[in-house]
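Each chain, letter by letter, is given below.
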Amino acid sequence: MTQLPGPTPKKLGLVIDLDTCVGCHACVVSCKGWNTENYGAPLSDQDAYGANPSGTFLNRVHSYEIAPKDAPAQLVHFPKSCLHCEDAPCVTVCPTGASYKRADDGIVLVNEDACIGCGLCAWACPYGAREMDMDAGVMKKCTLCVDRIYNENLPEEDREPACVRTCPANARHFGDFADPESNVSHLVAERGGIDLMAEQGTKPVNKYLPPRPKTDAQPEAEIDVLAPLLSPVATEAHGFLGWLDKTLDKLPGGAT
Amino acid sequence: MGEPKLNLSPRVSDEVRKTTCYMCACRCGINVHLKDGKVAYIEGNKDHPVNQGVLCAKGSAGIMQVTAPSRLKSPLKRVGKRGEGKFEEISWDEALKIAKDWLEPLRQDPQKLAFFTGRDQSQSFTSFWAQSFGTPNYAAHGGFCSVNMAAAGIYTMGGAFWEFGQPDWDRTKLFMLFGVAEDHDSNPIKMGLGKLKKRGAKVIGVNPIRTGYNAVADEWVGITPGTDGLFILSLVHLLLKAGKVDFEYLANFTNAACLVDCDPESDEFGLILRDDEGRELVMDRNEKRPRCYDKADIAPDLVNGWRNAGVTHKPVFHFMLERYLDEQYAPENVAEKVGISAARIRAIAAEIARVAFDEAIEIEQEWTDFRGRKHTKMTGRPVAFHSMRGISAHSNGFQTCRALHMLQLILGAVETPGGFRFKPPYPKPSTAHPKPHSKVTPGAPLDGPHLGYPQGPSDLALDEDGNPIRIDKAFSWENPLSAHGLMHTVISNAHAGDPYKVDTLFMYMANMAWNSSMNTAGTMKMLTDEDENGDYVIPKIIYSDAYSSEMVAYADLVLPDTTYLERHDCISLLDRPICEADAVADAIRWPVIEPDRDVRGFQSVLCELGAMLNLPGFVNEDGTQKYADYGDYITNHIRRPGVGPLAGFRNPDGSGAGRGDVNPDQIDAYIENGGFWIEHVPDNAAFYKPWNMDYQNWAVEKGLYDSVQPYLFTIYVEPMRRMQAAAEGLGDIQPPDHLRERLKQAMDPLPIWYAPFGEDVNDDAYPLHALTQRPMAMYHSWGSQNAWLRQIHGRNPLYVPTDVWEASGFEDGDWAKVSSPHGAITVPVAHMAALNANTVWTWNAIGKRKGAWALDDDAPESTKGFLLNHLISDLLPPKEDGMRYSNSDPVTGQAAWFDLRVRVEKVAAPEEAQPAFPALQGQGVGE
Amino acid sequence: MHPAPSIILFTTLSGLGFGLLTFLGLNMPDVDGWVLFTFFFVGFALSVGGLLSSTFHLGHPERAWRALSQWKSSWLSREGICAVAALCVLGLYALLAIFFDTKVAALGFVGSALSLLTVFTTSMIYTQMKTVPRWNHWSTPLLFLSLSIGGGALLAAQTAVAGLFLLIATLTQAFAFWGGDRRFKDRGHSLKTATGLQNGELRLFEPPHTGTNYLLKEMVHQIGRKHAQRLRVLGLVFGLALPTVLLLSQTVGHVLAGLIVVLHVGGVLALRWLFFAEAEHVVGLYYGKHG
Ligand SMILES: Nc1nc2c(c(=O)[nH]1)N[C@H]1C(S)=C(S)[C@@H](COP(=O)(O)OP(=O)(O)OC[C@H]3O[C@@H](n4cnc5c(=O)[nH]c(N)nc54)[C@H](O)[C@@H]3O)O[C@H]1N2
Ligand SMILES: Nc1nc2c(c(=O)[nH]1)N[C@H]1C(S)=C(S)[C@@H](COP(=O)(O)OP(=O)(O)OC[C@H]3O[C@@H](n4cnc5c(=O)[nH]c(N)nc54)[C@H](O)[C@@H]3O)O[C@H]1N2
Ligand code: SF4
Ligand code: SF4
Ligand code: SF4
Ligand code: SF4
Ligand code: SF4
Ligand SMILES: [Mo]
């Protein structure tokens, strides 16, 4: 199991749209809520009301600032959870077989009953997608909501990850990357979806859509094109009214 | 070993109960999953009109709110000194008796009670209570929140941004967002932005700070705080000059064509000419004579005035041209002040013009206007705007917001496809709203609702001597159109005895000793100050909170509320319902879990207290309690014939939609329906609502109004002119002399821009603007008690722009002393480049007082977190004559949180953020 | 990486232990009876103690046996198996040698090989981590092996061998410092590759949480440069270079040998602390580190 299953018939994962994510942390908290009640041990918190609160979360939203040379600086909100890598190093390092990649759909999971909590898989993950739960002593990670997406106790429309269901801006998309016709495959193709830290060779399934180019760089260039739109009909009230009077008269019926 | 066998279809919960979120005031629908009778998981309700299944971070964290150790457990009586936080738990019987004993004598002198209800979603109920009590001193939090938005919208268009309207998310092609970080429409705005992104519509964010919505905007306009009005008027200047104006819309649907009385000798000078029935006159372009605007065959003329008795009465549009074509609004002349290049202002104006007029859209949909004309289609100008506190929380916010509405109106982009759309029960012109009432009769109810929209000086709440009747001085000459009251002035006025002293301060759901006050330290002192006899200057304070907030420490009697999952609530059409542009809707909360503490829903407590005080409306004829609890009130109260708190499932058989008799099972019907009721606006009524007879008739049928009331949008606002005319000396009701100049300027009936008052400081001493923003994952003060949310925002730095960062020699981890004309704080700093070069900012209300919210004394919220409020004065610096005005908008009294100017200096890191206050003791939840 | 005392102790002690056992399996020194017993006791105590201490940081030590199952892919699993095998084989060898006075050379040889293999597998646990470029290099196994053999030889009183391997260790360590310091950059890891955000200067604006978490505690250890520099010199000079010089330049008596052992073990502990503390995990990039 610790060996990777090889190419899986389905490659389930997420597309995260960095052009749309407003950084609201909704996905972070709904993930915490769902996974505290479901798959495996609850996600615990330490020193919850004290000086140094910490806890287990499977999804976190960073924010970064980009300062282009000739345009104003930008902010990008950056959600990150397990990318369900095809060549998942977190799986192969696991000594117990607790970490595995599902042969059917490629979801990377931890079998908490077998996990010894050695932490090695978290070391092996370049993305910080695994967090040890300090209460349960086992490794936690995004399950791609495996207990939702096939769950027959949920209405069909709810069979998607909690974070996707909750994202108010619709910046998260769930689907099968093995299917070139899926919503996620289309998004990746249209928007140039990218891999995070490709040089690590993990072949992430999750893809990120980069922010679209901003349009606030060069007003001077725009104004040349748009200038005719603003050519004055008059510069003071009297002249304007004269122009308007004539314009209105020219309209069919002669009146407004 | 194969893969472990997973249960892919685990049971999710035992039961799902659908109610309404209250982790903020957005009113999303939630599915509360229960396991073993306990809340297990909260998700969005997919059927709900507000959030359609999505849920924000706070909403999902609700489970930690109902288990938080900070929940109050039982009624509390103060045992220590005020502000120490020492309490003794008492029974409800005792608590109610104390309250009754304090309040009963005040019925004979009702002004001695100040009842202010903060973040209240039951204002139609609490105001009803206050009205029955007879005190004029009632309002909720709107005055320190966003009344500039509400009032500017109502006076201009009969509806405002935020809860009363929304961009046409499905059709807009250009969306411009002014001064919004999060808003109350938080999920809908995010959903809307998501839709725009999907369609590739352009988003322009106008904001000194580029985070959140502004970070995803395609274009960022990093405006200098307080100058939006000038920027907008420059856009108006360019659009007018280029004739890029929807003349047809202006002429037919706004008062731009209405004739202004231009006779300086007239009592009505500057007001709109009216016919004998008091209806506005316009020049008819065909008949060349003034006629009532609503004639079927009229052609309202924007061009020609009416020459009569030697005076030419000009249409409003003339005044607009005269003012806005002036070169003072040319981009070149505003660029420096607003911090946006002239080229960029032009580019934006051109882009607006292009989308509005070259990309106009049409919907094939017949409709009939109020003049009886039939139209075959609906023409849209797909440019939408939205704005919130970045505009409203400045002392020029009312006029700035009006300027923005004027921009929308000259484009014809309100209530047309692709533009801005009202949510029922809006639109509703200011004249259709109540006027403020303040007539006090000992032992009897007030003469009408407290709050409303004054139409002129005679509607002000002034006594015979011209003194304010209300403790907050709402509807006085200091801020005549203070439609939401001024909760932020109550404590300082009561402390100063200006206009008079009160006996009991009764507050609900507002953390006035902390984040909702300016001059925070001063406010705490006012609450604890004693007079020469050693009595508290504010003698009695009753407060209802659900949690151990900072304000709890200052109460003499604490009435512990339930959490939002443990009580009935009513999100009513009489208040701020959950409507969408295409639907009328309202909702409830109901006890999806039972409280495990000795707490009671505050509204239910008011039902009981009202009966104990024998308040009309709260007792039956035989003197017994009328409403057993709030649920009973929601079901059985009748406001107007056929209209009650809930509009849905009326009549005993549930058949009534909008109107109908009481249905004893109404709440059950709501529960059955997912916690809300919705009815869709017919297609032919979807747009042009103020003028669309199909909408008007539908609205009457649904009980939104009692008769059809089409009206014109009022670019030119007569109530303002009436106030301005008084300031010029016209009429009997006259403002005090020291306010005349200010009123003449501020009450201009056409939008203007003036520099924010708080900006009137020495630029060298205080070179920077200081702002706050709402973090999306935290709600004011009450998110910090939440174990999940406080891990995301447990402290807050002051963000400093690059030049200042470098000039001050800051490095990561440094601290700074931040000084304003009012005071100084010492806080951690952090660098941000995507920020207006003259602005610093921080997240709002992360800082907490030690000992509050059941957090440990060394919690980062109180050692590193801080409030900017310590720097914000409740009063402006003294004028030459020594007068000190409140730090508010002169029109509405809206608190001007964002007029703050500061300087920052690097200092050695202190032990903890300064100022630090003594730790609160126990607060009713400690050992 | 977080320099967890249990792991530092484990790798240091078990390295020494298996190093010593390697020599004992090769019958170096050629001793018998109680003396051999003492040698083996020390060897087993160090390696078993080290292994035990490594279980302290497990969330579920009671399930540690499961760690033997994934030898096909996991270096940690292989380490466990090798360690158990080495200990069993050498245990049998020692039993026969001490109590039955029979040294089965083949058994000893296999045991020695397994011991070295154990050290190698341990080193591979770190070496395989592409996420920690400093470790992800052939110098890591060389360092672990040379330290283990050098230290083992020292304990086994094989001064010349010890000198030789400590020389190799010294050079390897120096090289590891030198190469390790630039490898993160050389591999091209940056916040840009981590986020895919390319057009402009990039930095962390806000971390995802103001509270701390497992990742920060475990993977994002930051160490002061000066402090690190000082420790490097101390470890390199006193733990490796000085012992090498002493071992290679003169005959070493018991007292001096004892002193060298103390110096060496102290030095290796310091170097091992640095091995972890200086190891930059790429996840730090997301938190604005290693920029
Ligand atoms: N998550 C969350 N949601 C909330 C709340 C909360 O506490 N947390 N609070 C609720 C409440 S009570 C309210 S009133 C709403 C308020 O919602 P918002 O109106 O979004 O309020 P703020 O977060 O104060 O954001 C004000 C924005 O205006 C910008 N700004 C300041 N001055 C200017 C200016 O002069 N011009 C321009 N263009 N921009 C300016 C600031 O940078 C900031 O982005 O949010 C509500 N929603
Ligand atoms: N510097 C700065 N200051 C600001 C602002 C700003 O932008 N900058 N914004 C201002 C604005 S717009 C606003 S609206 C105010 C908001 O400030 P407040 O009105 O003080 O709002 P909150 O902090 O949300 O808390 C109100 C109180 O309600 C209590 N509460 C929560 N739930 C319940 C409940 O179910 N029942 C009862 N009875 N009580 C409950 C909370 O415990 C808390 O004590 O802050 C203002 N202050
Ligand atoms: S919920 Fe959506 S918009 Fe919010 S942080 Fe997550 S991905 Fe971004
Ligand atoms: S993101 Fe990390 S935890 Fe997830 S599969 Fe890839 S390496 Fe493993
Ligand atoms: S922590 Fe658990 S899942 Fe991760 S490597 Fe160790 S045993 Fe495997
Ligand atoms: S897919 Fe499920 S487990 Fe993974 S981040 Fe989203 S909510 Fe969390
Ligand atoms: S925006 Fe969030 S907190 Fe506010 S009501 Fe909706 S879900 Fe609840
Ligand atoms: Mo507010």
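*Asks:* Any chance you could explain the overall build of chain B here in plain terms?
*Replies:* For chain B, the helix and strand inventory stands at 26 helices and 32 strands. In terms of overall dimensions, chain B has a C-alpha envelope of 85 × 80 × 70 Å along the principal axes. Across chain B, the fraction of contacts at a sequence separation of at least 24, relative to all contacts at a separation of at least 6, is 70%. Counting every atom, chain B has about 28,100 Å² of accessible surface; 46% of that belongs to carbon and sulfur. Seen as two clouds, the 93 positive and the 123 negative side-chain charges of chain B have centres 3 Å apart.

*Asks:* Even after reading the chapter, I still don't get the site of ligand 1, so can you show me in this structure?
*Replies:* All names here are of chain B. Taken together, 32 residues form the shell around ligand 1, and within it Asn 207, Gly 226, Asp 228, Gln 773 and Met 778 come nearest. Between a nitrogen atom of ligand 1 and a main-chain N or O atom of Pro 775, the distance comes to 3.0 Å. Expressed as a share of its isolated accessible area of 910 Å², the protein-covered part of ligand 1 is 100%. Among the elements of the structure, helix 14 (389-392) and strand 27 (768-773) are those that each provide at least two residues to the shell around ligand 1. No other element matches strand 27, which puts three residues into the shell around ligand 1. Shared between two domains, the shell around ligand 1 holds at least three residues of each, these being domain 2 (160-425) and domain 4 (758-907).

*Asks:* Even after reading the chapter, I still don't get the domain arrangement of chain C, so can you show me in this structure?
*Replies:* Many authors give the size of an interface as the accessible area that is lost as the parts come together. Residue and element names in this part refer to chain C. Assigned domains within chain C: domain 1 (1-128) and domain 2 (164-291). Taken over C-alpha atoms, the centre of domain 1 sits 25 Å from the centre of domain 2. The partner domain 2 presents 15 residues to the ten residues of domain 1 that form the contact. Counting each side, the surface lost to burial between domain 1 and domain 2 is near 1,200 Å², with a carbon and sulfur contribution of 75%. At the surface where domain 1 touches domain 2, the tally comes to zero salt bridges. The tally of links between domain 1 and domain 2 comes to four residue pairs in polar contact (both at pLDDT 80 or more). The element contributing the most residues to the side of domain 1 that touches domain 2 is helix 1 (residues 5-25), with six residues. Along the lines of polarity and charge, the residues of the side of domain 1 that touches domain 2 split into seven nonpolar, three polar and no charged.

*Asks:* Please clarify how the site of ligand 2 should be interpreted in this entry.
*Replies:* Residue and element names in this part refer to chain B. By nearness alone, 32 residues border ligand 2, and Arg 119, Asn 511, Asp 545, Ser 781 and Asn 869 come closest of all. At a separation of 3.3 Å, a nitrogen atom of ligand 2 approaches a polar backbone atom of Ala 546. Starting from 910 Å² of accessible surface for ligand 2 in isolation, the protein chains cover 99%. Counting residues per element, the shell around ligand 2 draws most heavily on strand 22 (residues 540-545), at three residues. When grouped by side-chain class, the residues that make up the shell around ligand 2 number 14 nonpolar, twelve polar and six charged. Each of domain 1 (76-145 + 434-561) and domain 4 (758-907) contributes no fewer than three residues to the shell around ligand 2.

*Asks:* Hey, could you run me through the interface of chain A and chain B in this one?
*Replies:* At the junction of the two partners, chain A supplies 89 residues and chain B supplies 94 residues. Here chain A packs against chain B, burying approximately 7,500 Å² in sum over the two surfaces, 60% of which is carbon and sulfur. Taken together, the connections running from chain A to chain B amount to eight salt bridges. Across the pair Arg 210 of chain B and Asp 216 of chain A runs a salt bridge whose closest N-O atoms are separated by 2.7 Å. Across the contact surface, chain A and chain B share 35 residue pairs in polar contact (both at pLDDT 80 or more). Secondary-structure elements contributing two or more residues to the side of chain A that touches chain B are helix 1 (26-37), strand 3 (54-55), strand 5 (74-81), strand 6 (99-101), helix 4 (146-149), helix 5 (162-166), helix 7 (219-226) and helix 8 (237-250) of chain A. Per-element accounting of the side of chain A that touches chain B gives the leading share, nine residues, to helix 1 of chain A.

*Asks:* I tried to follow the domain arrangement of chain B on my own but got confused; where do I start?
*Replies:* Residues and elements named next belong to chain B. For chain B, the domain assignment lists domain 1 (76-145 + 434-561), domain 2 (160-425), domain 3 (719-749) and domain 4 (758-907). Summed over both partners, the interface of domain 3 with domain 4 comes to about 520 Å²; 68% of that surface belongs to carbon and sulfur atoms. The largest share of the area that domain 3 buries against domain 4 comes from His 738, Arg 742 and Ala 746, three residues that together contribute 76% of it. Here domain 3 is connected to domain 4 by one residue pair in polar contact (both at pLDDT 80 or more). With four residues, the single largest contributor to the side of domain 3 that touches domain 4 is helix 23 (residues 737-746).

*Asks:* I'm lost on the interface of chain C and chain B in this one. Help?
*Replies:* Opposite the eight residues of chain C that make contact, chain B presents 14 residues. Here chain C meets chain B over a buried area of about 810 Å², counting both sides, of which 45% is carbon and sulfur. Counting the surface chain C buries against chain B, the share from its top three residues, Phe 205, Glu 206 and Thr 210 of chain C, is 62%. Summed over the shared surface of chain C and chain B, the number is zero salt bridges. Counting across the interface, chain C meets chain B through eight residue pairs in polar contact (both at pLDDT 80 or more). Its residues assigned to classes, the side of chain C that touches chain B shows two nonpolar, four polar and two charged.

*Asks:* Help me out: how do you make sense of the environment of Ala 67 of chain C in this one?
*Replies:* Structurally, Ala 67 of chain C is set in the loop between helix 2 (33-55) and helix 3 (75-99). Taking C-alpha positions, Ala 67 of chain C is 39 Å from Leu 197 of chain C, a pair spaced 130 residues apart along the chain. With sequence-adjacent residues up to four places away left out, Ala 67 of chain C is seen in contact with Pro 95, Thr 96 and Ile 116 of chain A together with Ser 77 of chain C.

*Asks:* Could you clarify how one ought to interpret the packing of helix 3 of chain C against helix 4 (residues 105-127) of chain C in this entry?
*Replies:* Packed helix pairs are specified by the crossing angle of their axes together with the interaxial distance, meaning the distance between the axes. All names here are of chain C. Contact pair helix 3 / helix 4: the axes reach a minimum separation of 8 Å and the direction vectors enclose 155°. With respect to helix 4, the axis of helix 3 lies roughly antiparallel. Considering the relative orientation of helix 3 and helix 4, their crossing is left-handed.

Rules used throughout
- Residues numbered from 1 in each chain as written.
- Chains lettered and ligands numbered in written order.
- Predicted model: local features only at pLDDT ≥ 70, side-chain atom pairs only at ≥ 80, totals over all residues.
- Heavy atoms only, no water.
- Helix = DSSP H or I, 4+ residues; strand = E, 2+ residues; numbered from the N terminus.
- Contact = heavy atoms within 4.5 Å.
- Areas by Shrake-Rupley, 256 points an atom, 1.4 Å probe, with all protein chains shown as cover.
- Lys, Arg positive; Asp, Glu negative; His and termini not counted.
- Charge placed at Lys NZ, Arg CZ, Asp CG, Glu CD.
- Near = heavy atom within 4 Å.
- Polar contact = N/O pair within 3.5 Å; in protein donor to acceptor, adjacent residues only side chain to side chain.
- Domains from an automatic or database assignment.
- Buried area = accessible area lost by both parts, 1.4 Å probe.
- Salt bridge = Lys/Arg side-chain N within 4 Å of Asp/Glu carboxyl O.
- Nonpolar A, V, L, I, M, F, W, Y, C, P; charged D, E, K, R; others polar.
- Axes fitted to C-alpha atoms, helices over the stretch in contact; angles between N-to-C directions.
- Parallel < 35°, antiparallel > 145°, perpendicular 65-115°, else oblique.
- Left-handed = near helix turned anticlockwise from the far one by under 90°.

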